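Per-entry structural report
The primary structure of each chain is shown beneath.
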Amino acid sequence: MLLWYVWIRLVDGAWHRLDEISKQLRLPSNAIEWAAKFLCDKGMAERGFEENEIRLHRGNARFEDAVKALSLSTKSSK
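The following refers to the structure shown.

Procedures and definitions
- Residues numbered from 1 in each chain as written.
- Predicted model: local features only at pLDDT ≥ 70, side-chain atom pairs only at ≥ 80, totals over all residues.
- Heavy atoms only, no water.
- Helix = DSSP H or I, 4+ residues; strand = E, 2+ residues; numbered from the N terminus.
- Areas by Shrake-Rupley, 256 points an atom, 1.4 Å probe, with all protein chains shown as cover.
- Axes fitted to C-alpha atoms, helices over the stretch in contact; angles between N-to-C directions.
- Parallel < 35°, antiparallel > 145°, perpendicular 65-115°, else oblique.
- Contact = heavy atoms within 4.5 Å.
- Nonpolar A, V, L, I, M, F, W, Y, C, P; charged D, E, K, R; others polar.
- Core = buried A, V, L, I, M, F, W, Y, C linked by side-chain atoms within 4.5 Å.
- Buried < 20%, exposed > 50% of the residue type's maximum accessible area, 1.4 Å probe, protein only.
- Lys, Arg positive; Asp, Glu negative; His and termini not counted.
- Salt bridge = Lys/Arg side-chain N within 4 Å of Asp/Glu carboxyl O.

Before going further, it helps to spend a moment on the overall build of the protein. A tally of helices and strands in the protein yields 4 helices and 3 strands. Each helix and strand of the protein, ordered N terminal to C terminal, gives the series α-β-α-α-β-β-α. Of the roughly 5,300 Å² of accessible surface on the protein, a fraction of 53% belongs to carbon and sulfur atoms.

At a minimum axis distance of 10 Å, the contact between helix H1 (residues 2-10) and helix H3 (residues 29-41) shows a crossing angle of 75°. For the element pair H1 / H3, the angle class is roughly perpendicular. Here Leu2, Leu3, Val6, Trp7 and Leu10 of H1 come into contact with H3, specifically with Ala31, Ile32, Trp34, Ala35, Phe38 and Leu39. Taken together, the residues of the contact of H1 with H3 sort by class into 11 nonpolar, no polar and no charged.

A few words now on the nonpolar core. Residues Val6, Leu10, Ile21, Ile32, Leu39, Met44 and Ile54 are the most contacted members of the largest nonpolar core, which totals 19 residues. Contributing elements (two or more residues each) for this core: H1, helix H2 (18-25), H3, strand E3 (53-56) and helix H4 (63-76). Among the elements that make up this core, the one with the highest residue count is H3 (6 residues). Those residues within four positions of isoleucine 32 in sequence are excluded, and the remaining contacts are Leu2, Val6, Leu18, Ile21, Ser22, Leu25 and Leu27.

For the rest of this paragraph, the subject is the environment of alanine 14. Checked against the element boundaries, alanine 14 lands in the loop between H1 and strand E1 (16-17). Here the alpha-carbon distance between alanine 14 and histidine 57, two residues 43 residues apart in the chain, equals 9.9 Å. Among residues more than four places away in sequence, those in contact with alanine 14 are Ile54 and Arg55.

Looking now at the side chain of glutamate 53. Take glutamate 53: it is sitting in strand E3. The buried charged residue glutamate 53 lacks any salt bridge partner; its closest oppositely charged side chain belongs to arginine 17, at an N-O distance of 5.3 Å. The residues touching glutamate 53, leaving out its near neighbours within four places in the chain, are Trp15, His16, Arg17, Glu46, Arg47 and Gly48.

Written out as structure tokens, the structure is:
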């Protein structure tokens, strides 16, 4: 669910500050940072020039891909 909440904030393609997403969702900043790092590591989002900025990667990134990547990463860690 966390990934979905962050993903929904990013679908407009604009740059977003992680602390603002944290405030909007009323979730701890470390949870938002984890979701942002995961999406960036999987090539679905990109970091801005400032450390705390993120936006959805331009292209065909889909939320289903994020879920599949999460599923694969949890299976490989077992």
